[in-house]
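Spelled out, the chains give:
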Amino acid sequence: MDFSSDDEWIVLDAKNPANSSDDDRGVLALGSPTCSDYDDLDLSSGSDHDLTDSDDDSITSRAAAADDDDMSSDPYEVEFEDADPYAALPLTRPLSGMFHHTPWDSVAYAAFDPLRAANSATKRLIPDPAFAVFPENVTVLASTRGLVCLRGATSGLYYVANPATFRRVRLPPHARDHRLGADPAVVITFEQPPHTTSPSFQHYRVVVAFQVHDGIWAVESFSSRTWEWTVGGDICAPETVIASSGVGALGRAFWRTTIGHILCVTPETGTVDLIPAPHEVDTRPEWEIGEMEGNFAVACADQERKEIAVLYLVGGEAGATQWQWAGQFDGEKAGCHPGMTLLRSQGAAEVVVWDSVAELVIALDFDGRQTRSIGPLNGGNYYTDFVPYIGTDTEIYSEEVGAVFITVDAVTYRIPQSSVKEEQL
C-alpha cells in the first residue's frame, strides 16, 4: 500500500469505522506509536488479530492470555507483575498533540496527524479540549505524561487535569503570591523512580518558579503525596525564567533563562541550580529544551537551520553535570529553513519544530525524516505558545486511607484530613 500520497487521514470510531463520514473532519485523533515502537513486542502468538473467540479450540491458553493483555492494556505502560516494578520500562510514547491559546483567551488543542502504520485502537479523543467544563476560564501552563496543569483566571488557583480521562482536581491554595512582576513558570514532574505499585498512578509535583524581586526567583512546589505546598529554601538570580520553556524530566523541573543557563529545581530537596547550556549552542545558537525517552535534552540548530543536534544531560564525576551527544541530522536535507523554530519535545526521540511559513508543527526523527505534523493552522486565530501533550490514562490523585475527595461543579477537591477527622468526632 502506498502511503506517500497527500491524502488526509482521519481516525474516527475505531470500533465502528463504518460510521466515518466527511462531516467528521472536526474530530481530532491523538498521535499513536510508530512501527519501531512495536519492534520488541512478541507477535509469535499468531498473525490473526481475532484471538478473542473463546470457542476456537486451536487457540492455546497462552495465546488467549496474550490477546487479552493486548485488548485491555496499554503497551506503553509499565508492567507491575514482575517482582521488581522498575525492571520493565515502558515503551516511549510519542507526542499526541499541542495545547495552545487563542486571541479570545480560550484554550485550543491541535493533534498530530494519525500515524498511518499505527493501531487505531490506541488512539483516543479529548472530550473537552477547551476545558470549558471548568467553573472559570483557565490557562494551560504545563503538561507531563498526560497530566495538564492549569491556572484559573479569576481565582489564581491551580488545577491538575487529565484531558483523556476527563478528570480534574483543584489544588489547595498556595502560600506565596506567584504573580509579582512576571508570569510564574510551572512544570509537572513525577517522582523518580516511581514509588508506586499502581500502573495508573504515580506521585507527582507541580513546581512553580516565581519572581520575588527584580531578577530574583524562588520556588514553591505542590506534592500529590502530602497534598500540600512547600516553599523552597533556595533562591536564584537567573534574570528572567522563560515560563514557556518548562520541562519535567528525571524527577526535576527545568527552564531556560535569559542569561543562557538552565534553571534546574529538585523539588524533593528544594535544591535550585543553574546549569550551563552545552557548548554546542555556541555555534548553534537557536536551541530549546525537552524530554526524550526519559532524558533531559537540548536540541540546537545554527541560524540557517543547516544542522540540528540533540544532547542529553548525564551525571558526571562528583555530581557534576555533563552533556552526551544523542544525535544530529542535516537540516537542509530535511527541508528545514530559517523560518522554523525549535519547540519543546516530550516522549519519543523527536525534534519538534514550528514552521511559521507553512504554519505547521513538524516532528522529525534523528535521521531528519518527518514523522508527523500538525496543521496547517490557517486563519491566524491562534497563538504559538505550544504546550506538548501526550495522552495517557494517568490518574490525577489516589484515594489513600484518610483522604476524601468530593466533586462540585464538575471539579474535584480534596477535603483536608484534619477536617475529615473533626467530622468523624
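To be clear, the structure that these remarks concern was listed above.
Now for a description of the structure that goes with this document. None of these values were measured; they are calculated from a predicted model.

Notes on the overall build of the protein
Along the backbone of the protein there are two helices and 25 strands. Counting over 425 residues, the protein shows a buried share of 47%. When contacts within the protein are restricted to residue pairs at least 6 apart in sequence, those whose partners lie at least 24 apart make up 50%. Accessible area for the protein stands at about 21,300 Å²; split by element, carbon and sulfur atoms hold 48% of it.

Re the pattern of salt bridges
Overall, the coordinates contain seven salt bridges when judged by the stated rule. The shortest N-O distance in the salt bridge between Arg 369 and Asp 365 comes to 3.0 Å. Each of Asp 365, Asp 367 and Arg 369 takes part in one network of salt bridges that share partners.

Structural notes on the packing of aromatic side chains
If you walk through the whole model with that rule in mind, you get 14 aromatic pairs. Consider the rings of Trp 354 and Phe 386, whose centres lie 5.3 Å apart with planes at 50°: the pair is tilted. With Trp 354 in strand S20 (residues 351-355) and Phe 386 in the loop between strand S22 (370-374) and strand S23 (387-389), this pair connects stretches of sequence that are 32 residues apart. A relative accessible area of 6% means that Phe 386 is categorised as buried. Members of the aromatic cluster, connected to one another through ring pairs, are Phe 99, Tyr 109, Phe 131, Phe 134, Tyr 159 and Tyr 389. In this arrangement the basic side chain of Arg 372 is found over the ring face of Phe 112, its NZ or CZ atom lying 4.4 Å from the centre.

Topic: the pairing of strand S9 (residues 216-223)
Burial analysis of S9 places seven of its eight residues in the buried class, the great majority of the element. Two elements, strand S8 (residues 204-213) and S9, share eight bridges in a ladder whose sense is antiparallel. Residue Phe 210 lies in a different strand from S9, and its bridge partner there is Ala 218. Count of turn residues in the S8/S9 antiparallel hairpin: two residues, of which Gly 215 carries a positive phi of about 75°. Bridge count for S9 against strand S10 (residues 228-236) is six bridges, and the pairing is antiparallel. Its bridge partner lying in S10, Ser 223 is registered against Glu 228.

Topic: unusual backbone geometry
Phi is mostly negative for residues that are not glycine, and the peptide bonds are mostly trans. For the peptide bond that leads from Gly 375 to Pro 376, omega is 10°, which places it in the cis range. Even without a glycine there, the phi angle at Glu 239 is positive, about 75°. Structurally, Glu 239 can be placed in the loop between S10 and strand S11 (247-249). Taking relative accessible area as the criterion, Glu 239 reaches 44% and is therefore assigned partly exposed.

Some points on the sheet that holds strand S17 (residues 307-315)
Spatially, S15-S16-S17-S18 is the arrangement adopted by the four strands of the open sheet, whose pairing is antiparallel. Both edges of this open sheet fall to strand S15 (286-292) and strand S18 (321-330), since each of them pairs with a single strand only. Taking each pair of neighbouring strands and ignoring which way they run, the sheet shows an average axis angle of 25°. Sheet analysis places S15 next to strand S16 (residues 295-301), joined by seven bridges and oriented antiparallel. Of the residues in S16, the one forming a bridge with Trp 287 is Cys 300.

Considering the environment of Asp 385
Tracing the backbone through its elements, the reader meets Asp 385 in the loop between S22 and S23. In sequence terms Asp 385 and Val 140 are 245 residues apart; their C-alpha atoms lie 9.7 Å from each other. Leaving out residues up to four positions away in the same chain, Asp 385 has contacts with Phe 99, His 100 and His 101.

Comments concerning the environment of Pro 163
Relative to the helices and strands, Pro 163 is located in the loop between strand S5 (158-162) and strand S6 (167-170). Sequence separation of Pro 163 and Gly 391 is 228 residues, and the distance between their C-alpha atoms is 7.8 Å.

A look at the sheet that holds strand S1 (residues 97-101)
Strand order across the open sheet formed by three strands is S2-S1-S23, with antiparallel pairing between neighbours. This sheet does not close on itself; its edge strands, each paired only once, are strand S2 (107-111) and S23. Averaged over all pairs of adjacent strands, the angle between strand axes in this sheet comes to 30°, irrespective of strand direction. One ladder, built from five bridges, connects S1 with S2; its direction is antiparallel. Counted as the bridge partner of His 101 is Val 107 from S2.

Regarding the side chain of Glu 359
Looking at where Glu 359 falls in the secondary structure, it is placed in the loop between S20 and strand S21 (360-364). Polar side-chain contacts of Glu 359 include one of 2.4 Å to the side chain of Tyr 382. Excluding residues that lie within four positions of it along the chain, Glu 359 makes contacts with Trp 354, Ile 374, Gly 375, Pro 376, Leu 377, Asn 378, Gly 380 and Tyr 382.

The rules behind each value
Residues numbered from 1 in each chain as written. Predicted model: local features only at pLDDT ≥ 70, side-chain atom pairs only at ≥ 80, totals over all residues. Heavy atoms only, no water. Helix = DSSP H or I, 4+ residues; strand = E, 2+ residues; numbered from the N terminus. Buried < 20%, exposed > 50% of the residue type's maximum accessible area, 1.4 Å probe, protein only. Contact = heavy atoms within 4.5 Å. Areas by Shrake-Rupley, 256 points an atom, 1.4 Å probe, with all protein chains shown as cover. Salt bridge = Lys/Arg side-chain N within 4 Å of Asp/Glu carboxyl O. Phe/Tyr/Trp six-rings, centres within 6.5 Å; stacked < 30°, edge-to-face > 60°. Lys NZ or Arg CZ within 6 Å of the ring centre and 35° of its normal. Pairing = 2+ DSSP bridges. Axes fitted to C-alpha atoms, helices over the stretch in contact; angles between N-to-C directions. Polar contact = N/O pair within 3.5 Å; in protein donor to acceptor, adjacent residues only side chain to side chain.

Interpretation note: all reported values are geometric properties and have no functional meaning in isolation.
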